[in-house]
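# A look at the structure
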Amino acid sequence: MKIGQPEWPELDEPIVVDKDGFWAVWHGGEYIDIFRSERGANQSARGENPDDGHHAVSMTNTTGDEFDPEEPEEYVRDELRAWIRSEGQYH
């Protein structure tokens, strides 16, 4: 582990959240995948390869800031909001 990197939780199931037309899938770990389609996000969450046109448009490096193991969905939604503010206009 790198110094300063959080210890990412082991998730029983991936977390899928949506916000403003984007979907985020987090399997636990350093990255959250961002999708423009709910279908692609759900396929990714099930471990399937998303169909054509439903692939991830981006990924974001999670910071681990304010991660609450009691509310992991809110953490992922906050990370998705931050990505939308900085990158969403390009996708």
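To keep things clear, this report deals only with the structure shown in the data block. Nothing here was measured: the structure is a model prediction, and the numbers come from that model.

## What about the overall build of the chain?
Check the secondary structure of the chain and you find two helices and four strands. Secondary structure elements in the chain, listed N-terminal to C-terminal, are β-β-β-α-β-α. By the compact-globule yardstick of 12 Å for 91 residues, the chain fits well, its C-alpha radius of gyration being 13 Å. Along the first, second and third principal axes, the C-alpha atoms of the chain reach 35 × 30 × 25 Å. Across the 91 residues in the chain, those meeting the buried criterion constitute 33%. Within the chain, residue pairs in contact and separated by at least 24 positions form 45% of the contacts whose partners lie at least 6 positions apart. Just so you have it, the chain exposes about 5,900 Å², and 41% of that area is on carbon and sulfur atoms. Side-chain charges in the chain split into 8 positive and 22 negative, and the spacing between the mean points of these groups amounts to 8 Å.

## What to know about helix 2 (residues 72–87)
The end-to-end C-alpha separation of helix 2 is 22 Å, in line with the 22 Å expected for 16 residues at 1.5 Å each. Every buried residue of helix 2 is listed here: P72, Y75, V76, E79, L80, W83 and I84. Contacts made by the buried residues of helix 2 are with strand 1 (15–19), strand 2 (22–26), strand 3 (31–35) and strand 4 (58–61).

Cut-offs and rules
- Within every chain, residues take consecutive numbers counted from 1 along the sequence as written.
- It should be noted that, the model being predicted, local features are given only for residues of pLDDT at least 70 and side-chain atom pairs only at 80 or more, the latter also being counted only at that level, while totals for whole chains, interfaces and linings use all residues.
- Note that water and hydrogens are dropped before the side-chain values are worked out from all heavy atoms of the structure.
- Helix numbering and strand numbering both begin at the N terminus, where a helix is a DSSP run of H or I of at least 4 residues and a strand a DSSP run of E of at least 2.
- Only C-alpha atoms enter the radius of gyration; for comparison, a globular chain is expected to reach 2.2 Å times N to the power 0.38, where N is the number of residues.
- Residue exposure (1.4 Å probe, protein chains only): buried if accessible area is under 20% of the type maximum, exposed if over 50%, otherwise partly exposed.
- Whether two residues touch is decided by their heavy atoms; if any such pair falls within 4.5 Å, the residues are in contact.
- Working definition of accessibility: Shrake-Rupley area with a 1.4 Å probe, residue cover restricted to the visible protein chains.
- We count Lys and Arg on the positive side and Asp and Glu on the negative side, and we leave His and both chain ends out.
- Where a charge sits is defined by one atom per residue type, namely NZ (Lys), CZ (Arg), CG (Asp) or CD (Glu).
- Residue count minus one, scaled by 1.5 Å, sets the expected span of a helix.

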